[in-house]
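What follows is each chain in one-letter form.
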Amino acid sequence: MNTGGDNPAFKFPPVLVRVCRAYQHVINFAGIFLIAAIAIVAGLQVYFRYVVGASLYWSEELMRYMMVWAAFLLAGTAYSRGEMLGFTLLIDLLPPRLKWLALLIGRLVIIAFLAVVVWYGIDFAWRTRQDTATALQISMLGVHGSVAVGSILMILHVTAVQLTGEQEPHTPGEGL
Amino acid sequence: MEALVISFVVLLLLGVPVVFVLGISMLAYFVATDQLQFLLVLPQRMFAGIDEFVLLAIPLFILAGSLMEVGGLTHRLLEFANACVGRFRGGVSLTAIWASFLFGGVSGSAAADAAALGAVLIPEMKRQGYNNDYAAALMGTSSLMAPLIPPSIAMVLYGALSNTSIARLFVAGIVPGVMLAVALTIYAAWVARRRDYPRRKPPTRSEFVRAALAAGPVMILPVIIVVGIRGGVFTPTEAAAVASIYAFLIAAFYYRVLSFASLGRALLNTAVISAAIFMLVAMANIAAFIFSIEQIPERVVNALFSISENPVAVLLMVNVVLLFLGMILDTVGILILTVPALVGIGHVLHMDPVHLGVMVVFNCLIGFVTPPVGLCLFIVAGVGKTTIDKVAWHALPMIAIAIVILLLITFIPQLVLVLPNLIVG
């Protein structure tokens, strides 16, 4: 997450900077772990189906749920890293103040939208707490909760980008 | 419906990322039509949209590409392409085209291709006396081959959104990819003759063999993918898993360049890029819900066919609309918004869904190099330290070439379908 380290316009207090860094470490680790786990489980699935000749019954569901969590946990990071592309040609032509205002309005609307998703996301996850996943036999609360958690994280990232100024520039070589 | 369209346009112009533009306009629709009981549908549809086994192919293919990249394949592919075509006039520009072609067999992403190869080849072309803007434009246009040569993230997405066989889509992209490579080669050779660009002395036999051996394992990857999913031996997701494991083994044990740090970087990059794509797919699933309530695909199809019932005219209109969308939106966004209606159009015209898919993906790809917001133009202009408008000017003839190929594959379906019919059956 952007903590305003290089940006003189606004700096987070040192405690918060440390919290943000620790948070980003945890999220990055989660992303690395989940993608590695998906690749390994996918490999195991192929191995068991084509070499051993007995399909794993839990692998597909586990991979799907790990990917859903990875997507929601890393979505905020993707926003901060400028991976979520928009049409910025027009606002780039605006004078700096107007551009700032346009970005602010856009981000406030994003946060409002995400707040709605969090609210109903909690409702959605809570309603399904009694359901269990077919193969893994875990409560769907832990699976469906990813939507609300991911949306809360996205709100935090959008707020951090707004407070600290610029998004990290889009690193080429990514996206489609 | 007006609320949806207005908020979509306003937010897009405000520079809001497309993923949120989609989500917010869907929310605006529910609020404006007073259907608040559907708000619980938002998280539910978002979850269901990405909880799909076939979509797992996307992170796994991205991972395979990232691993090959940190495994130093860019350099090896370049050396091999250079050994093959470097001896002709304008050798390094031909190398750029064919290295892109080879790179496409590892990565399914045009942006990754433009960035990785552009960083090496644009400075090199400049050093050999090429016009810098021309070099950047050629690199940008060549990168369009990456999503045509299997694997291809755009094809996985199209297949998932339209329920089309991904195996057939993958194979069907090969002929258009080769056509683009050959056409660009002819153009670059012609430019090189006119401007008297240098050639390189041909490699000795042992140099050639060495380059081929170094690049060989990389070039086997697309073969594994195509052979693997041929006739449904593997699902696309399983093929992607095999590809990423293969890439890991090659990078770690054959090239021996994989460190824990670079492995971590490849995994993290994969997670972040996939998260961005998956959020778009999540929002798309809300859009699909509203589109079906409002019968948008049917309305679009009716509107198009009320203008003309001539299939040629309809397909031309579809291509023009997609080219226009390609100027302002990225591929994932276009696919998400248009696939439901396009499938309807294809149905009325009795088009093979694979033919339609390749046409649509190729069309979206051209958007990567058309101003004002072509992603690959941005990348090569950045790498070449020049401006978009200068590169775009030099890219114009190449865009024209791509559009000619688009028209050929639109109106001669056999070009697209011959390989999948032959290989996948």
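Residues numbered from 1 in each chain as written. Chains lettered and ligands numbered in written order. Predicted model: local features only at pLDDT ≥ 70, side-chain atom pairs only at ≥ 80, totals over all residues. Heavy atoms only, no water.

### Concerning the packing of aromatic side chains
One pass over the full model with this rule turns up 16 aromatic pairs over all chains. With a centroid separation of 6.4 Å and 45° between ring planes, the pair formed by Tyr65 of chain A and Phe47 of chain B is classed as tilted. Here Tyr65 of chain A is found in helix H2 (residues 59-80), whereas its partner Phe47 of chain B is found in helix H3 (residues 41-50) on a different chain. A relative accessible area of 9% means that Tyr65 of chain A is categorised as buried. Through pairs of rings, three or more aromatic residues link up here, namely Tyr29, Phe30, Phe38 and Phe289 of chain B. Directly above the aromatic system of Tyr255 of chain B lies the positively charged group of Arg76 of chain B, at a separation of 3.8 Å from the ring centroid. (Phe/Tyr/Trp six-rings, centres within 6.5 Å; stacked < 30°, edge-to-face > 60°. Helix = DSSP H or I, 4+ residues; strand = E, 2+ residues; numbered from the N terminus. Buried < 20%, exposed > 50% of the residue type's maximum accessible area, 1.4 Å probe, protein only. Lys NZ or Arg CZ within 6 Å of the ring centre and 35° of its normal.)

### Digging into helix H13 (residues 236-254) of chain B
Relative to the 27 Å expected for 19 residues at 1.5 Å per residue, H13 of chain B spans 25 Å between its end C-alpha atoms, a close match to the ideal helical length. Two residues or fewer past H13 of chain B, Arg256 of chain B is found with a positive phi of approximately 50°. (Expected span 1.5 Å × (residues − 1).)

### Overview of the interface of chain B and chain A
Contact residues are listed per partner, giving 65 residues for chain B and 62 residues for chain A. Considering only the side of chain B, the residues that lose the most area to chain A are Phe20, Leu40 and Phe47 of chain B, jointly responsible for 12% of the buried surface there. Counting every contact that joins chain B to chain A gives 2 salt bridges. Taking the shortest distance from any N to any O, the salt bridge between Arg64 of chain A and Asp51 of chain B comes out at 2.8 Å. Seen at the junction of chain B and chain A, the total is 6 residue pairs in polar contact (both at pLDDT 80 or more). For the side of chain B that touches chain A, the leading source of residues is helix H14 (residues 260-294) of chain B, giving 15 residues. Among the residues making up the side of chain B that touches chain A, the classes are represented as 52 nonpolar, 10 polar and 3 charged. (Contact = heavy atoms within 4.5 Å. Buried area = accessible area lost by both parts, 1.4 Å probe. Salt bridge = Lys/Arg side-chain N within 4 Å of Asp/Glu carboxyl O. Polar contact = N/O pair within 3.5 Å; in protein donor to acceptor, adjacent residues only side chain to side chain. Nonpolar A, V, L, I, M, F, W, Y, C, P; charged D, E, K, R; others polar.)

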